[in-house]
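Survey of secondary and tertiary structure
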Amino acid sequence: MKRRVSLARLAPYLQAAPLTLILGAFLVAPILMIVVVSFWDYDFARLYPDFVTYNYTETLGSWVTWKTYLNTLKFSAIVWALTLCIGFWVAYFLAFHIRTTAMQIVLFLVCTVPFLTSNIIRMISWIPVLGRNGLINAALVESGLVPAPLEWLLYSEFAVVLAMVHLYTLFMVVPIFNTLMRIDRSLIEAARDAGANGWQILWNVIIPLAKPGMAIGTIFVVTLVMADFITVQVMSGGQSASVALIMKNQMSLLQYPAAAANAVVLLVLVLLLVAGILRVVDIRKEL
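Keep in mind the model is a prediction, meaning the values are calculated, not measured.

The next point concerns the overall build of the protein. Helix and strand content of the protein: 14 helices and 2 strands. Expected size for 287 residues packed as a compact globule is a radius of gyration near 19 Å; at 24 Å, the protein overshoots this value by more than 25%. Dimensions of the protein, computed from the C-alpha atoms along their principal axes, are close to 85 × 65 × 35 Å. Counting only residues that meet the buried cut, the protein has 36% of its 287 residues in that class. Of all intrachain contacts in the protein linking residues separated by at least 6 positions in sequence, the fraction that spans at least 24 positions is 69%.

What follows is the structure, given as structure tokens:
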């Protein structure tokens, strides 16, 4: 009898053991290794296992680094706002204006078609559109709207934001669409019967119930933007920087401890942002 009781107590731990081992091996262990390496010393040729804080003092004590972090946060905020606006209205249209499930599935699959190609291909496809001799400038010049091609369309922060919005909007559409589809339509009918107009229903019923999906989409978009370096490098023409781009350059120069220190600081910053979102919105309703 005692053996049965002990096995019953161990059953939950045995069930959780495989997932714990997987998360420990592929998530916790790599993060711990990054933290450990961030305290190592290095030179141009090799790494020296040690415990030095120079990498963090250099990262946090440089105004250039702080400016780069602010630039990364600026990209994250702008892209988040645009993807939230676009993603919500696309999801709203699919959830409430498309009546048949089959058509919803078809249109949703149309939204995912660009993801059948590489991110890099989708990103550089903007170059012949935004370039000095690209489609937009050619149309503007030929129509007489501008006397000369616009230089700020490509290799600028505008191009970086545009490419990121193109790449990451779907990560906002999917969770919001999933949340909107779960809303009980009787709540909308009740609000309409109570005399609420369309905007009142949207503001007081739909948006509050869609907040968990918005929060999940925000986490996806913000983390992806803050970890993106290739879009910033290519679309800005090397005129802008991000934290991920700094880490990429440091690793190319074999400065792995400095890159690890930046990675730890960036991870802490992302975790703080996620914790703030979780304090405001309870996403467990979506899980």
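Here, the residues flagged by UniProt with the feature "transmembrane region" (unreviewed entry) are residues 21-40, 77-98, 105-127, 152-177 and 256-281. Its end C-alpha atoms 31 Å apart, residues 105-127 is made of 65% helix and 0% strand. The straight-line gap between the two end C-alpha atoms of residues 152-177 is 34 Å; of that span, 77% is helix and 0% is strand.

What follows covers the UniProt feature "domain: ABC transmembrane type-1" (unreviewed entry) in the protein. Feature annotation in UniProt assigns "domain: ABC transmembrane type-1" (unreviewed entry) to the following positions: residues 69-277. Across residues 69-277 one finds 77% helix and 0% strand; the C-alpha atoms that close the span lie 20 Å apart.

Attention shifts here to the packing of helix 3 (residues 63-97) against helix 4 (residues 101-112). Contact pair helix 3 / helix 4: the axes reach a minimum separation of 9 Å and the direction vectors enclose 160°. Classed by the angle they form, the pair helix 3 and helix 4 counts as roughly antiparallel. Once helix 3 is placed against helix 4, the crossing between them reads as right-handed. Only Gln104, Leu107, Phe108 and Cys111 of helix 4 make contact with helix 3, whose side of the interface consists of Val90, Phe93, Leu94 and Ala95. Grouping the constituent residues of the contact of helix 3 with helix 4 by class yields 7 nonpolar, 1 polar and no charged.

A separate point is helix 13 (residues 243-252). Taken together, the buried positions of helix 13 are Val243, Ala244, Leu245, Met247 and Gln250. Buried residues along helix 13 sit in contact with helix 3, helix 11 (198-226), helix 12 (230-235) and helix 14 (256-280). The first or second residue beyond helix 13 is Leu254, which carries a positive phi of 65°.

What follows concerns the confidence of the model for the protein. Within the protein, residue pLDDT values average 86, and 96% of them lie at 70 or more. Per-element mean pLDDT across the protein ranges from 81 in helix 1 (residues 2-37) up to 92 in helix 8 (residues 157-168).

Note on soluble globular proteins: their nonpolar side chains tend to be buried together. Counting residues in hydrophobic clusters, the biggest one holds 45 residues, and the most contacted among them are Phe88, Phe96, Ile176, Leu180, Ile206 and Met235. Once residues within four sequence positions are removed from consideration, Phe96 is found in contact with Leu180, Ile183, Arg185, Ile188 and Ile206. Residues Ala244, Ala259, Val264 and Val270 belong to the second largest nonpolar core, which totals 21 residues.

With respect to the helices and strands, Ser118 occurs in the loop between helix 4 and helix 5 (119-124). Note on Ser118: relative accessible area 35%, which makes it partly exposed. Residues Ser118 and Leu202, spaced 84 residues apart in sequence, show a C-alpha to C-alpha distance of 36 Å.

Right, let's get into the packing of aromatic side chains. Throughout the structure, instances matching the rule amount to 10 aromatic pairs. Judged by centre distance (5.4 Å) and plane angle (80°), the rings of Phe88 and Trp89 are edge-to-face. Among the residues examined, Trp89 registers a relative accessible area of 38% and is labelled partly exposed. Taking the centre distance of 5.2 Å and the plane angle of 80° together, the rings of Trp152 and Phe158 count as edge-to-face. Here Lys74 stacks its cationic end above the ring of Phe75, 5.7 Å away from the centre of that ring.

At their nearest, the axes of helix 3 and helix 8 sit 9 Å apart, and the two run at 50° to each other. Comparing the axis directions of helix 3 and helix 8 gives the class oblique. The handedness of the crossing between helix 3 and helix 8 is right-handed. Of the residues in helix 8, those in contact with Asn71, Lys74, Phe75, Ile78, Val79, Leu82, Thr83 and Ile86 of helix 3 are Glu157, Val160, Val161, Met164, Val165 and Tyr168. Class assignment for the residues of the contact of helix 3 with helix 8 results in 10 nonpolar, 2 polar and 2 charged.

How each quantity is defined
Residues numbered from 1 in each chain as written. Predicted model: local features only at pLDDT ≥ 70, side-chain atom pairs only at ≥ 80, totals over all residues. Heavy atoms only, no water. Helix = DSSP H or I, 4+ residues; strand = E, 2+ residues; numbered from the N terminus. Rg over C-alpha atoms; globule rule 2.2 N^0.38 Å. Buried < 20%, exposed > 50% of the residue type's maximum accessible area, 1.4 Å probe, protein only. Contact = heavy atoms within 4.5 Å. UniProt positions renumbered as here; feature names shortened; annotations may be inferred. Axes fitted to C-alpha atoms, helices over the stretch in contact; angles between N-to-C directions. Parallel < 35°, antiparallel > 145°, perpendicular 65-115°, else oblique. Left-handed = near helix turned anticlockwise from the far one by under 90°. Nonpolar A, V, L, I, M, F, W, Y, C, P; charged D, E, K, R; others polar. pLDDT = per-residue confidence, 0-100. Core = buried A, V, L, I, M, F, W, Y, C linked by side-chain atoms within 4.5 Å. Phe/Tyr/Trp six-rings, centres within 6.5 Å; stacked < 30°, edge-to-face > 60°. Lys NZ or Arg CZ within 6 Å of the ring centre and 35° of its normal.

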